[in-house]
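A look at the structure
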Amino acid sequence: MADLRNNFVGIKSPNPFWLASAPPTDKAYNVIRAFKAGWGGVVWKTLGEEGPPVVNVNGPRYGAIWGADRRLLGLNNIELITDRDLQTNLREMKQVKMDWPDRALIASIMVPCEEASWKAILPLVEETGADGIELNFGCPHGMSERGMGAAVGQVPEYIEMVVRWCKQYTRMPVITKLTPNITDIRKPARAAHAGGTDAVSLINTINSITGVDLDSFAPMPTIDGKGSHGGYCGPAVKPIAMNMVAEIARDPETHGLPISGIGGITTWRDAAEFLALGAGNVQVCTAAMTYGFKIVQEMIAGLENWMDEKGHRSLDDIIGRATPNVTDWQYLNLNYVAKAHIDQDACIKCGRCHIACEDTSHQAITSMVDGKRHFEVIEAECVGCNLCVNVCPVENCITMEPLAAGVMDQRTGKPVSPIYANWTTHPNNPMAKVAAE
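The rules we used
- Residues numbered from 1 in each chain as written.
- Predicted model: local features only at pLDDT ≥ 70, side-chain atom pairs only at ≥ 80, totals over all residues.
- Heavy atoms only, no water.
- UniProt positions renumbered as here; feature names shortened; annotations may be inferred.
- Phe/Tyr/Trp six-rings, centres within 6.5 Å; stacked < 30°, edge-to-face > 60°.
- Helix = DSSP H or I, 4+ residues; strand = E, 2+ residues; numbered from the N terminus.
- Buried < 20%, exposed > 50% of the residue type's maximum accessible area, 1.4 Å probe, protein only.
- Salt bridge = Lys/Arg side-chain N within 4 Å of Asp/Glu carboxyl O.
- Polar contact = N/O pair within 3.5 Å; in protein donor to acceptor, adjacent residues only side chain to side chain.
- Contact = heavy atoms within 4.5 Å.
- Pairing = 2+ DSSP bridges.
- Axes fitted to C-alpha atoms, helices over the stretch in contact; angles between N-to-C directions.
- Core = buried A, V, L, I, M, F, W, Y, C linked by side-chain atoms within 4.5 Å.
- Parallel < 35°, antiparallel > 145°, perpendicular 65-115°, else oblique.
- Left-handed = near helix turned anticlockwise from the far one by under 90°.
- Nonpolar A, V, L, I, M, F, W, Y, C, P; charged D, E, K, R; others polar.
- Arc of directions from axis to C-beta.

Looking at an unreviewed UniProt entry, one finds the protein named dihydrouracil dehydrogenase (NAD(+)), with Rhizobium loti as its source organism. The UniProt entry for the protein carries this comment under Sequence similarities (unreviewed entry): "Belongs to the dihydropyrimidine dehydrogenase family." We quote the UniProt Function (unreviewed entry) comment for the protein here in full: "Involved in pyrimidine base degradation. Catalyzes physiologically the reduction of uracil to 5,6-dihydrouracil (DHU) by using NADH as a specific cosubstrate. It also catalyzes the reverse reaction and the reduction of thymine to 5,6-dihydrothymine (DHT)."

Structural data, given as structure tokens:
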């Protein structure tokens, strides 16, 4: 059976599934139940400095986006870091770690961007026996207005500075959590790397407003007639998260930097995709909040079964396997040609492929043949865009079939070339012409 044991920057856990810093990890009661359900580790909900606890709102904290079947696709939250006393959290963390020594326990921390504040809290956290710390540089609401969270994560110089402080004042591994609310994720990752971080984790939540109440004309969730932007998470953010993970994994300046992948992970397949793109483990929040802690059991079983089926013996066999295949558009093979093919036995004749292609694409799918309703690809018009594949409600009814080298492409009237060619050398590229000269 596949070995799911995980060693992330020296932090060991029985599997790569950690709960992310969020409401599910706010107290010992929750964390213990999570460990009993099978989670390999937790990142304790973000701790603040000693003094009066953070004050959260006492009304709705979540907004949502649903699919047509009411399945939760995205969750927006306006909750802040823990509103429980620091010492209470520290006592509970210490006891939990003593009782569950084989599980990873990470302390998420957010304090003012001042050296004294970090120097003060780190020894307190270290005394709990926590396996590491995660620097919360991602929270996009509430705390960012106070000069913390994303306000730090959006300034690479601040990231590097705080990471250096933490590496100076603690023995614990440092994981730097990055905000997605930035133009180029590589820059904060490079800054964290320069500061000596042991790893990065991403993504934190995305700035968002998920809806407006059209009776009160206030953003949702609504607090006494007003609303605020919050942090967006859940399945809808997964594509954004995976791209950012891949960008860091393949950047020459951060290549090899351990990554904890976060963002919309709901199934074992989601986790496997993050691992393949370079994540060393994954963190989950929204899925647990939607389906409960026991969802990790499906994730574990699914990942084990898939690895066994494919012959992958350990996580090292899959971590980073997809990273070399992520490239820039300019290096894609322009001589690769594929055409859509409709399985007539599987086709339910709904016509969605035809409408999508006819109205918004390349008019390459019939609707009538010999006076009968019939949907078939017109190869001479098909550019291989695969829009039809994505709108078809029947899985595998429409597939993309590559044309072999030498076969005539009916659209261009030319045989498919066996030679790899990309935009950098294409005659229509003005930069290619300049380079040639």
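Scanning the model with the defined rule gives four aromatic pairs in all. Judged by centre distance (5.9 Å) and plane angle (85°), the ring pair of F8 and W18 falls under edge-to-face. Placement of the pair is F8 in strand β1 (residues 6-8) and W18 in strand β3 (residues 17-19), with a sequence separation of ten residues. The class of F8 is buried, set by a relative accessible area of 3%. Residue classification places W18 among the buried positions, given a relative accessible area of 0%.

With that out of the way, let us pick up the pattern of salt bridges. Within the structure shown, the criterion is met by 19 salt bridges. Here E92 makes a salt bridge to R84, at a shortest N to O gap of 2.6 Å. When the shortest N-O distance is used, the salt bridge between D102 and R103 registers 3.2 Å. Judged by relative accessible area, R103 falls into the buried class, the value being 12%. Bridged by salt links that share partners, the residues K45, R61 and E79 form one connected network.

What follows deals with the side chain of D409. You can see D409 is positioned in strand β21 (residues 408-409). Looking at D409, its side chain comes within polar contact range of the main-chain nitrogen of R411, at 3.0 Å. For D409, the contacting residues outside a window of four places in its chain are V337, K339, L403 and K414.

Here we take up the sheet that holds strand β5 (residues 62-66). Strand order in this open sheet of four strands is β5-β6-β14-β11, and the pairing throughout is antiparallel. Of all strands in the sheet, those with a lone pairing partner are β5 and β11 (206-208), marking the two edges. Each strand axis lies, on average, 35° off the axis of its neighbour in the sheet, ignoring direction. Taken together, the three bridges between strand β6 (residues 72-77) and strand β14 (residues 230-233) define a ladder with antiparallel strand orientation. The residue of β14 that forms the bridge with N76 is Y232.

The subject of this paragraph is the pairing of β5. Two faces belong to every sheet, and in a regular strand the side chains alternate between them. Summarising the sheet, β5 and β6 pair through five bridges and their orientation is antiparallel. Bridge pairing in β6 links W66 to L72.

So, about the sheet that holds strand β8 (residues 132-136). In spatial order, the strands read β3-β4-β7-β8-β9-β10-β15-β16; together these eight strands close into a barrel with parallel pairing. Each neighbouring strand pair of the sheet contributes to a mean axis angle of 25°, computed without reference to strand direction. For β3 and strand β4 (residues 41-47), the ladder comprises two bridges, and the chain directions are parallel. Paired with L19 across the bridge in β4 is V42. Helix-sheet contacts for helix α8 (residues 268-276) involve β3, β15 (259-262) and β16 (281-284), and the interaxial angle to β16 is about 135°.

Moving on, we get to the nonpolar core. Formed by 78 residues in total, the largest nonpolar core has its most connected members in F17, W39, W118, V125, I133, L135 and L202. Of all the elements, helix α7 (residues 238-250) adds the most residues to this core, at seven residues. Those residues within four positions of V125 in sequence are excluded, and the remaining contacts are L47, L90, A107, I109, A130, I133 and M172.

Another point: the packing of helix α3 (residues 115-126) against helix α5 (residues 156-169). The interhelical angle for the contact between α3 and α5, taken along N-to-C directions, is 40°, at an axis separation of 9 Å. Comparing their axes, α5 and α3 come out oblique. With respect to the hand of their crossing, α3 and α5 are arranged in right-handed fashion. Contacts between α3 and α5 involve E115, W118, K119, L122 and E126 on the former and, on the latter, V162, W165, C166, Q168 and Y169. Its residues placed into classes, the contact of α3 with α5 shows six nonpolar, one polar and three charged.

If you check which residues of helix α6 (residues 186-195) are buried, you get P188, A189, A191, A192 and G195. One side of α6 carries all its buried residues, which in axial view fall inside an arc of 160°.

Put simply, L202 and I203 share a cis peptide bond, and its omega is 10°. Turning to its location among the elements, I203 is positioned in the loop between β10 (199-202) and β11. With omega at 0°, the peptide bond leading from M220 into P221 counts as cis. Among the structural elements, P221 can be located in the loop between β13 (218-219) and β14. The phi angle at D224 is positive, at roughly 50°, despite the residue not being glycine. Looking at the secondary structure, you find D224 in the loop between β13 and β14. In this structure D224 comes out as exposed when scored by relative accessible area, which is 78%.

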